[in-house]
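A look at the structure
One letter stands for each residue in the lines below.
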Amino acid sequence: MERYFNPEIECADPSVLKEIQNERLVKTVKRVYENVPYYRAKMEASGITPEDIKSVDDLHKLPFVTKDDLREAYPYGLLAAPLSDCVRIQSTSGTTGKRVIAFYTQNDIDMWDTCCARAIVAAGGTKDDVVQVSYGYGLFTGGPGLNGGSHKLGSLTVPTSSGNTDRQIQLMCDLGSTILCCTPSYAEYLAESINEHGRRDDIKLKAGIFGAEAWSEEMRHDIEQKLGIKAYDIYGLTEICGPGVSFECSAQTGMHINEDNFIAEIINPNTGEVLPEGEKGELVFTCISKEAFPLIRYRTRDICVLKREKCSCGRTLIKMAKPMGRSDDMLIIRGVNVFPSQIETVLLNNGYEANYQIIVDRVNFSDTLEVVVEMTPEIFSDTVKHISAKEKELVAALKNMLGLSAKVTLVAPKTIARSEGKAVRIIDKRKI
Ligand code: DLL
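Please read all numbers here as calculations on a predicted model, not as lab measurements.

1. Observations regarding the packing of aromatic side chains
Within the structure shown, the criterion is met by six aromatic pairs. Taking 6.1 Å as the distance between ring centres and 55° as the angle between the ring planes, the aromatic pair formed by F103 and F293 counts as tilted. Placement of F103 in strand β2 (residues 101-105) and of F293 in the loop between β11 (281-287) and β12 (298-304) is noted, with a sequence separation of 190 residues between them. By the burial criterion, F103 is buried, and F293 matches it. Taken together, Y76, F103 and F293 form an aromatic cluster joined through their ring pairs. Of note, R220 hangs over the ring of W215, and the distance from its end group to the ring centre comes to 5.8 Å.

Quick look at the structure:
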């Protein structure tokens, strides 16, 4: 039976949701215009005043906010509440340029916790569950977000953070954790280690809530099968609040966006034009219930599709497809657009696991693509003599998917470093 955390919102008639959005948008635009000189200047430069924004239908009139704006306004320039009302910051894991810092009032934290509680309930969670949060805690939003959601729901929260895999498994077995929250790459690593330690029969997991990085359907099936669970996707970004901007339900056909707090649009990343529902483009979010850091029309760089339909789970919240990549992660190799997720699909469809690296280089003015793939122990044992045949098989499959020739290098099991957080899979030497 499907459960909801806030059925009056999650299953509301779309016209009710639109009313909530209209009212909250108007209030938020007024708030940033009055409290944030940076926004006021941006709006004035576009010839817009708060009076021009009467409903969601006027959203397109507002200027976009980009990561460059956040860097320019760092650290306090976009703060829309008095500093004395703020109780927390979180920050992106970005390693280049200035960090992005997001601020929260207590009301913002409460809203965020609610979003994450909805995600846990949609994954079948109740207050009787034991929720192991193996996302990193600290500046990264993964740990604090799911921790807050689990508390709000009243589940027993096990804040293991990421890393220390033996301890994770020990606590998982001793406490009988039923829901695991971590990145999909760490879930793969944990699954591998649980099976190696012979502890598969000692775990009581029933569901996993995995996000923070792109992962394919094939990787989902692999994790589900290895851990004997149902694996749910969760999406979010620090700038908007962290995990819980959207979450998957039992239908597993897209992630429901918490529309009472965030309005989503899809735009053409080159022209900024708003695209109709169902078309693929860049995802843009407007925060309509936040106090401290309500970004307006923030360009996420994530490429995806929105679809509104009454879901078999009963929710009416609009759904976003799994992001298929980031417009800034998309590789352009010899003029061809390549998303790492396409490569992952080929590898998993051919019996490999998600342990791989994509190396792009430029030799004699021409781009080269190499995919280094770890063999599974099974493939390794029956292919030692036929590695080149196996590599050729993958070259052909990749050519078929990407329309591009790639070099494939198969390496022995366990030679590619595992990740406890987001995996680093792309090495683009062209930029170095
Ligand atoms: O990754 C927040 C998060 C934590 C989401 C835990 C889910 C679970 P950032 O570090 O700011 O925040 O990175 C945000 O990660 O713009 C996407 O490109 C990517 N991303 C997040 N969730 C997913 C997902 C957190 N489910 C960036 N699928 C986003 C694909 C995702 N990409």
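2. Description of the site of the ligand
Surrounding the ligand, one finds 21 residues, the nearest of these being D233, I234, T238, D302 and K422. Here an oxygen atom of the ligand and a side-chain polar atom of R326 are 3.0 Å apart. For the ligand, the protein covers 93% of the area, taking 610 Å² as the surface of the free molecule. No other element matches the five residues that strand β7 (residues 230-237) contributes to the shell around the ligand. Taken together, the residues of the shell around the ligand break down into nine nonpolar, six polar and six charged.

3. Here's the deal with empty space enclosed by the protein
Enumeration over the complete set of coordinates arrives at two cavities of 30 Å³ or more. Of the residues belonging to the lining of the largest cavity, the class tally is eight nonpolar, one polar and no charged. The computed volume of the second largest cavity comes to approximately 30 Å³. In terms of lining residues, the second largest cavity is bounded by Y39, K42, L62, P63, F64, V65 and I296.

Rules and cut-offs
Residues numbered from 1 in each chain as written. Predicted model: local features only at pLDDT ≥ 70, side-chain atom pairs only at ≥ 80, totals over all residues. Heavy atoms only, no water. Phe/Tyr/Trp six-rings, centres within 6.5 Å; stacked < 30°, edge-to-face > 60°. Helix = DSSP H or I, 4+ residues; strand = E, 2+ residues; numbered from the N terminus. Buried < 20%, exposed > 50% of the residue type's maximum accessible area, 1.4 Å probe, protein only. Lys NZ or Arg CZ within 6 Å of the ring centre and 35° of its normal. Near = heavy atom within 4 Å. Polar contact = N/O pair within 3.5 Å; in protein donor to acceptor, adjacent residues only side chain to side chain. Areas by Shrake-Rupley, 256 points an atom, 1.4 Å probe, with all protein chains shown as cover. Nonpolar A, V, L, I, M, F, W, Y, C, P; charged D, E, K, R; others polar. 1 Å grid on protein atoms, 1.4 Å probe; cavity = no way out; pocket = protein on both sides within 12 Å on 5 of 7 lines; lining within 4 Å. Points joined across faces, edges and corners; volume = space filled by probe spheres on them.

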